[in-house]
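Residue-level structural notes
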Amino acid sequence: MAESKVYYMDAHSESTETALSSKMLTVFDAAGLDEMIKPNDIVAIKVHCGEWNNSAYLRPLYARTLADRIKELGGRPFVCDTTTSTYSPWGSRSSEIDILQTAERNGYSSATLGCPFICADGFIGTSDFVVDIPEGYILKEAYVAQAIAAADALIALTHFKGHSMGVIGGALKNLGIGAQSKRGKFNVHMGGHPSYGLGAAGVFHPENFKGKANTPDWEILEDCCPFNLYHINEKDELEWDGDKCANCLGCFGVMGPRGLMDIPPVQFDAVDAAIADACLGVEKAVGPGKVGYINMALDVSPACDCAGHADMPIVPHLGVFASKDAVAIDMACVDKAREAEGIKGSKAELMEAHHVGDKKFEAAAATFHSQSEVTSINTGHEIGLGSRDYELIECEPESPERFRFPYDKRPSRQRFAAKFEKFQPFPYDKFDGKGFNRLDVVDLDKVKHHYEDDSEVINVEQPTSSEN
Ligand code: SF4
């Protein structure tokens, strides 16, 4: 496959035109993603709106800026995410009502975005469009969230970071998991698969269940599965109907830590390959030449935004990327992360993978040491979704005029002189025209140094007991 183009700007910012939101628009246009939008097109902007208490997800500013640009091009944007698996009792995006409440708490709403924020796969997550993918490496069909499949164009606006299952959470995963309906996720997660699914490859250890009397919270062992596959029978034994396992991941955090289930690492490898297949399914559902990718490689946390927390980044901000190729853009981000020094004190350093050249996501993000940060990328290359060979094109900043506050561009006197006369904010009539009550001169040098840098120790008089 021919080399793909990836447009890039670094993460330094010291002016209007180098603001990260400005850079996002610069690479968007440079990559030709603006040409995908025709007047009256309904345009989906797929984001990860962040789990409850996550703080590394993309600020809504980026989606807003992009939505405004799409409106400028004549398109009609909406911003969206999809329902998740029912990971745990406190999962905050498992249904439409959950995701809308979480998104709003995280700043994603029509008020902030200037366009609707919707849950793309319906109330429970079963609203989808089925696409055949005969080219798929492992999947032969994908279940694409209906609102995304129905859009005229799609921009995957991705926060590039790590992921415990995908190893990287990039463009491929934003669509290969994030644009699938709930049943699409079960498909990608290998639910019911005869070789790689938990039902087939998981090793159940009922012998480690010590009975209800010795398990005060035994009810969670049955309640963790929304398909009702775990039971404690009359003999006080734990049973699992693994043949029916949908791979919703609901029991992973309950059974694994108690030694009741060994999760097979091969399952995660299979999911990582399936992510690329499912991303291809999304491209086929939306249509050729109608899907564009922006990767914001900022706050590169080791865990995904679907975690209810965010650890410190493992590498510094890597930059802003845009491409028409999901494989190439993720490869470019992985390469930049390998070229970077890991952040001191981060999980990359903890795992001794903070050196230039280290595979930081495999060390700091993956659940199993055997997982690879390029499985999804290589699969996407194999099936013709895109190319892992790319040309990185560095973009120059545009004129700042394009990005300034658009509502009133008059200089200050024209905007405020008459208003200041009416609502004078400086009290010229006080303190001999100086306006405010302040000392004329103070020793500023005295307060400019760290205490330990001073050669002279400052003696603070302590009150005597009689003064207390
Ligand atoms: S047994 Fe399967 S379906 Fe049930 S919670 Fe576990 S992963 Fe989900």
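These numbers come from a predicted model, not from an experiment. (Residues numbered from 1 in each chain as written. Predicted model: local features only at pLDDT ≥ 70, side-chain atom pairs only at ≥ 80, totals over all residues.)

1. Description of the overall build of the protein chain
For clarity, the cut-off: Helix and strand labels come from DSSP, where a helix needs a run of H or I of at least four residues and a strand needs a run of E of at least two; each type is numbered from the N terminus. Field definition: a residue is buried when 20 or more other C-beta atoms are found within 10 Å of its C-beta, exposed when 12 or fewer are, and partly exposed for counts in between, with C-beta atoms placed from the backbone. We call two residues in contact if the C-beta atoms placed from their backbones are at most 7 Å apart.
The helix and strand inventory of the protein chain stands at 16 helices and 16 strands. Dimensions of the protein chain, computed from the C-alpha atoms along their principal axes, are close to 90 × 75 × 45 Å. Taken over 468 residues, the protein chain has a buried fraction of 49%. Counted over contacts in the protein chain with a minimum sequence separation of 6, partners at least 24 positions apart contribute 75%.

2. Quick look at the nonpolar core
The cut-off we apply is this: The term nonpolar core means buried Ala, Val, Leu, Ile, Met, Phe, Trp, Tyr and Cys residues held together as one set by C-beta atoms within 7 Å.
Core analysis: the biggest nonpolar cluster contains 117 residues, and V27, V79, V144, I148, V282 and F321 have the highest contact counts within it. Ranked by the residues each element gives to this core, the list is headed by helix 11 (residues 265-286), at 13 residues. Listed in part, the 20 residues of the second largest apolar core include F186, C225, A246 and L249.

3. Thoughts on helix 15 (residues 375-382)
Among the residues of helix 15, those classed as buried are T375, S376, I377, T379 and G380. Elements that come into contact with the buried residues of helix 15 comprise helix 6 (171-176), helix 11 and helix 12 (326-339). Note on helix 15: the residue one or two positions beyond its end, G384, has a positive phi of about 85°.

4. Details of helix 12
Where we set the bar: Expected helix span is given by 1.5 Å per residue-to-residue step, counting one fewer step than there are residues.
Helix length check: helix 12, at 14 residues, gives a terminal C-alpha distance of 20 Å against a target of 20 Å (1.5 Å per residue), a fit within 8%. Among the 14 residues that make up helix 12, eleven are buried, leaving the element largely enclosed by the rest of the structure.

5. Observations regarding the confidence of the model for the protein chain
Inclusion rule: Every residue gets a pLDDT, meaning the predictor's confidence in that residue, from 0 to 100.
Residues at a pLDDT of 70 or more form 97% of the protein chain, whose mean pLDDT is 95. Ignoring residues within four places in sequence, the model shows residues 464-468, a span with pLDDT below 50, making one contact including any to other chains.

6. Considerations on unusual backbone geometry
Positive phi values are uncommon outside glycine, yet D236 reaches one of about 65°. Along the chain, D236 turns up in the loop between strand 11 (230-232) and strand 12 (238-240). Here D236 falls in the partly exposed class, since 14 other C-beta atoms lie within 10 Å of it. The backbone of L249 shows a phi angle near 75°, a positive value even though the residue is not glycine.

7. Overview of the sheet that holds strand 7 (residues 153-159)
Strands in a sheet are paired, the pairing made by backbone hydrogen bonds, and the direction either parallel or antiparallel. For the record, the criterion: One requirement defines pairing of two strands: DSSP has to find at least two bridges between them. To obtain an axis, a line is fitted to C-alpha atoms, over the contacting stretch when the element is a helix, and the angle between two such axes runs from 0 to 180 degrees between their N-to-C directions.
Sheet architecture is open: eight strands sit in the order 4-3-2-7-14-15-1-16, paired in mixed fashion. At either end of the open sheet lies a strand with only one pairing partner, and these are strand 4 (117-119) and strand 16 (390-394). Averaged over all pairs of adjacent strands, the angle between strand axes in this sheet comes to 25°, irrespective of strand direction. Bridge count between strand 2 (residues 42-46) and strand 3 (residues 76-81): five bridges; the pairing is parallel. In the strand pairing of strand 3, I42 is matched with R76. Sheet contacts for helix 2 (residues 60-72): strand 2, strand 3, strand 7 and strand 14 (291-297); angle to strand 3, the most-contacted strand, approximately 150°.

8. A closer look at the pairing of strand 3
For the record, the criterion: When the strands point away from the viewer and the path from the first strand over the helix to the second turns clockwise, the crossover is right-handed.
Most of strand 3 sits inside the fold, with five of its six residues counted as buried. On the question of chirality, the crossover connecting strand 2 to the parallel strand 3 by way of helix 2 is right-handed. Across three bridges, the pairing between strand 3 and strand 4 is parallel. Counterpart to D81 in the pairing with strand 4 is C119.

9. A short note on the environment of M24
Structurally, M24 can be placed in helix 1 (residues 20-30). A tally of 24 C-beta atoms within 10 Å means that M24 is categorised as buried. Put simply, M24 and Y8 are 16 residues apart on the chain and 9.1 Å apart in space, counted from C-alpha to C-alpha. Apart from residues lying up to four places away in sequence, M24 is in contact with Y62, T65, L66, I294, M296 and V320.

10. Examining the pairing of strand 14
Among the seven residues of strand 14, seven are classified as buried, and the element is accordingly described as predominantly covered. Of the two faces of strand 14, the one carrying V291, Y293, N295 and A297 and the one carrying G292, I294 and M296 are both buried. Summarising the sheet, strand 14 and strand 15 (residues 319-323) pair through five bridges and their orientation is antiparallel. The residue bridging I294 from the neighbouring strand is A322, located in strand 15.

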